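# Chain and residue survey
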Amino acid sequence: MTISLLNRRTGAAATATALALASLAALAGTATPASASGRATAASATALAPASAAASPAADNPAFGDPAAPSALSLPRPTGPYATGRDTLFLTDHERTDPWVPAAGARRLLVSLHYPARPGSGGDPAPYMPEAEARLMLAQRGLDDPEWPGLVAATRTYSRTDARPAPGRFPLVLLSPGFGTPRATLTGLAEELASRGYVVATADHPYESTGTELPDGRVLPCAACDEVDAQPDDAGRRTVLAAVSAGRAADFSFLLDRLTGPRPAWRHARTIDARRVGMAGHSIGGNAAASTMAADQRVDAGVNMDGTFFDPVTARGLDRRPFLMLGTDPGHAPGAGDTSWDEGWARLDGFKRWLTVRESGHFTFTDTPAIGEQLGIVDPDAPLSAARSTTITRAYVTAFFDRSLRGRPARLLDGPTPAHPEVLFQRP
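This text gives an overview of the structure that appears in the document. What you see is a predicted model; the values in this text were computed from it and never measured.

Examined bridge by bridge, strand β1 (residues 83–97) and strand β2 (residues 106–117) share 12 bridges and lie antiparallel to one another. When the bridges of β2 are listed, Thr-88 appears paired with Ser-112. Where β1 and strand β3 (residues 159–161) come together, 3 bridges link them in parallel fashion. If you follow Arg-86 over to β3, its bridge partner there is Thr-161.

Take a look at the structure:
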């Protein structure tokens, strides 16, 4: 429901909540959603046409059949001074039953850990995404060319498996993806933060993605999406989505226990400075950043990247901890359709910034623009280039965590700058 290599054009008839269910973007939108369960509708398959609405992707996309076209996709190269490594954890919380499929037993998490590494150490570049996950993610948006899942799954990353960690202890950043979206779609941001001296833990929340492949090869469907679909009205859907955000807070509290507790699950846990923890998320993952901060005092700072606050910021605020809201413009500007941002802003009681980005789309803050451009997919409603999407997201998220977790000056957060003319500082 929330991943597309081409954000759809909007139509005048659909409701604000329909767009929230289609992408969890600003509630002011007007697009008719694909099924929240990950089943692409006929309308979405027609609307999500690469380059030409009438053409098949493989036949008419210049990336196919063109000898000059790249044979592989790649993420933008990280810009920090550190090489990066990646590990994967499969964790089981025996104290909680899975909220979406109780018959599955205990709640499980798949976690990617990106970390600063010693140069030249490690094995091959870490894989981007299992092909089964890529196929389901693309098919949900009507992008079902048989070549594309393999291409997306094989996207080049810059982190090495089995890399030795760099010396020292580093702040920890937790990342949570959008509803219906695999954790891999935040890999570019995770690698950037790791290259700048952060340990980054990105979690897949089972049964909340179009597909989550377990270590034994089983692929879990999006049962939570089906639960949203089954609701009779907007109020019911909002209630389920609020439960998604609150449930992710419990997931991350468990993950913090397993990373920073007395018997850590990760072999390189000694590199984490547990006194400095931040969290960022895209879409409902951004809502989850606020939910986690409200539930767990160990999280010192949070970032919401274009996510509706279905689980509202608590009336008591976040105990003066810093929070960044980074979203689309005009969709997440003050007074726009997503009033949860106006309400959340009023309740945030620490250092805070409300930034919106012109010409951006809901997926600007993920890997989607970079991958989409390489596949030749365009979105006339979100013309911000992949290069600018990447640069802006990296710059502002890193500056915020540098300030909040490291106490470093962050002039980028002081006000508008000619280097980033697309970024608007909102001061309602």
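Further remarks concern the pattern of salt bridges. When the charged atoms of two side chains with opposite charge come close together, those side chains can pair. Counting across every chain of the model gives 21 salt bridges. We note a salt bridge from Arg-196 to Glu-192, for which the minimum N-O separation is 2.7 Å. Taking relative accessible area as the criterion, Glu-192 reaches 1% and is therefore assigned buried. In this structure, the salt-bridge partner of Arg-321 is Asp-319, at a minimum N-O distance of 3.6 Å. Take Asp-319: its relative accessible area is 39%, and that puts it in the partly exposed class.

Here we take up the packing of helix α8 (residues 234–260) against helix α9 (residues 284–295). Where α8 contacts α9, the two axes come as close as 8 Å, and the packing angle between them is 55°. Judged by the angle between their axes, α8 and α9 are oblique. Crossing of α8 over α9 shows right-handed handedness. Residues Leu-241, Val-244, Ser-245, Ala-246, Arg-248, Ala-249 and Phe-252 of α8 touch α9, and the partners they reach there are Ile-284, Gly-285, Asn-287, Ala-288, Ser-291, Thr-292 and Ala-295. In terms of residue class, the contact of α8 with α9 is made up of 8 nonpolar, 5 polar and 1 charged.

What counts, and where the lines are drawn
Residues numbered from 1 in each chain as written. Predicted model: local features only at pLDDT ≥ 70, side-chain atom pairs only at ≥ 80, totals over all residues. Heavy atoms only, no water. Pairing = 2+ DSSP bridges. Helix = DSSP H or I, 4+ residues; strand = E, 2+ residues; numbered from the N terminus. Salt bridge = Lys/Arg side-chain N within 4 Å of Asp/Glu carboxyl O. Buried < 20%, exposed > 50% of the residue type's maximum accessible area, 1.4 Å probe, protein only. Axes fitted to C-alpha atoms, helices over the stretch in contact; angles between N-to-C directions. Parallel < 35°, antiparallel > 145°, perpendicular 65-115°, else oblique. Left-handed = near helix turned anticlockwise from the far one by under 90°. Contact = heavy atoms within 4.5 Å. Nonpolar A, V, L, I, M, F, W, Y, C, P; charged D, E, K, R; others polar.

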